[in-house]
Amino acid sequence: TCTEHCYYNCSLSSCPANAYCDYEACSGKYCFSSCYGGYYSSNNQCISIFRACDEIGLVYFDNGLCTSVDHAFTAPRTVKNLGIVVYVDGKGGGTIANPEGAFCKDYWGRGVESTGVPQSSDLKTIIKDVKSCANTDIILTKGNSNVYPAAWSLNMSSNENEKWCIPAAGILYNIYLHMDMFKELFYNGMYTSVPQIGMTFSAFASSSEYDKGHVWGVSHYLSYGTPIDKFQSLDKGSESCFLPVMEF
């Protein structure tokens, strides 16, 4: 009789968790093939691409977890990419920015009145304000969409799982402070319709006030200087750009 020849190509006694394997019947062993979606291979093991959202520059998904930028492209279709982590509080929380949701040509608000959000003309004081959504909620109570169109525009695009807000001064400042990193992340092909943040002649506004008629923001009319030079007061009634953020 003819006996089947065994090549003994496989060496694993079992198939690793979250992996596809080929079974070699003659040897009773498994050959590692590939990992399930959402996992990457390392030494014949499948490791989740997801991790805690504890660093800026990570990609945040609607499952409440993050990945590196490289792994974000291989995330399963069952999760939604919501944006880039731009601030972490060291306690498990933080803020993400949605670059693809950025919009321009809207004014912050009509009239010159203090809304009740944090207000200071001192930069070192105002960058301590990181409560973007608390600020936006306050603004929404002060007038309708004709008075505060930017805040209301973000409110209309929010839902029970995604609450988008105008970034507080401390958040916007942190984004601009790390703009070299975020430029690379925002324009690496992951997001397809992003206003050129950091590269336009527009100004991006925060939800923190400078005084009753002005808010803090990043001006790109200056082509030189440090983030401190470009972080300045913007007229509430002037056209500005807005970068939606969400807290987690």
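Remember, predicted model here, so these are calculated numbers, not experimental data.

K.L.:
Explain the packing of aromatic side chains residue by residue, including any values.
P.N.:
The final tally for this structure, using the stated rule, is 9 aromatic pairs. Considering the side-chain rings of Tyr-173 and Phe-231, the 5.2 Å spacing of their centres and the 85° angle between planes classify their relative orientation as edge-to-face. Of this pair, Tyr-173 sits in helix H5 (residues 169-177) while Phe-231 is found in strand S12 (residues 231-235), placing the two residues 58 residues apart along the sequence. Each member of the pair Tyr-173 and Phe-231 is classed as buried. Ring pairs connect the aromatic residues Tyr-173, Tyr-210, Trp-216 and Phe-231, which therefore count as one cluster.

K.L.:
Can you explain the nonpolar core? Please cite residues and give values.
P.N.:
General note: in soluble globular proteins, nonpolar side chains tend to be found buried as a group. Membership of the largest hydrophobic core comes to 33 residues, with the highest contact counts inside it found for Phe-61, Ile-171, Ile-175 and Phe-231. Sorting the residues of this core by element identifies strand S5 (59-61), helix H1 (69-72), strand S7 (81-88), helix H2 (123-126), H5, helix H6 (179-186) and strand S11 (214-219) as the ones contributing at least two each. Take this core: its biggest share by element is 6 residues, from H5.

K.L.:
Give a detailed account of the state of the cysteines, specifying residues and quantitative values.
P.N.:
In this structure the tally under the stated criterion is 7 disulfides. The side chain of Cys-53 participates in a disulfide bridge whose partner is Cys-66; the two sulfur atoms lie 2.1 Å from each other. Judged by the sign of its S-S torsion, about 110°, the bond between Cys-53 and Cys-66 is right-handed. Of the two residues, Cys-53 is situated in the loop between strand S4 (45-48) and S5 and Cys-66 in strand S6 (residues 66-67); the sequence distance between them amounts to 13 residues. In this structure, Cys-53 and Cys-66 share a single accessibility class: buried. Disulfide partner of Cys-104: Cys-241, at an S-S distance of 2.0 Å. The chirality of the disulfide connecting Cys-104 with Cys-241 is right-handed, given an S-S dihedral of about 105°. Residue Cys-104 is located in strand S9 (residues 103-107), and its partner Cys-241 is located in strand S13 (residues 239-242); the two are separated by 137 residues in the primary sequence.

K.L.:
Describe in detail the pattern of salt bridges, supporting the description with residues and values.
P.N.:
Any two side chains of opposite charge can pair, given that their charged atoms come close. Summed over the entire model, instances satisfying the criterion amount to 5 salt bridges. For Asp-54, the salt bridge goes to Arg-51, with nearest N and O atoms at 2.5 Å. A relative accessible area of 33% places Arg-51 in the partly exposed class. The salt bridge involving Glu-209 is made with Lys-236; its shortest N-O contact spans 2.7 Å. Placement of Glu-209 in strand S10 (residues 203-211) and of Lys-236 in the loop between S12 and S13 is noted, with a sequence separation of 27 residues between them. Each of the two residues, Glu-209 as well as Lys-236, counts as buried. Through salt bridges with shared partners, a single network forms among Arg-51, Asp-54 and Glu-55.

K.L.:
Residues and numbers for the side chain of Ser-27, please.
P.N.:
Its place among the elements puts Ser-27 in the loop between strand S1 (19-24) and strand S2 (29-35). Looking at Ser-27, its side chain comes within polar contact range of the side chain of Glu-24, at 2.5 Å. Apart from residues lying up to four places away in sequence, Ser-27 is in contact with Cys-6, Tyr-8 and Cys-10.

Reading guide: rules and limits
Residues numbered from 1 in each chain as written. Predicted model: local features only at pLDDT ≥ 70, side-chain atom pairs only at ≥ 80, totals over all residues. Heavy atoms only, no water. Phe/Tyr/Trp six-rings, centres within 6.5 Å; stacked < 30°, edge-to-face > 60°. Helix = DSSP H or I, 4+ residues; strand = E, 2+ residues; numbered from the N terminus. Buried < 20%, exposed > 50% of the residue type's maximum accessible area, 1.4 Å probe, protein only. Core = buried A, V, L, I, M, F, W, Y, C linked by side-chain atoms within 4.5 Å. Disulfide = S-S within 2.5 Å. Salt bridge = Lys/Arg side-chain N within 4 Å of Asp/Glu carboxyl O. Polar contact = N/O pair within 3.5 Å; in protein donor to acceptor, adjacent residues only side chain to side chain. Contact = heavy atoms within 4.5 Å.

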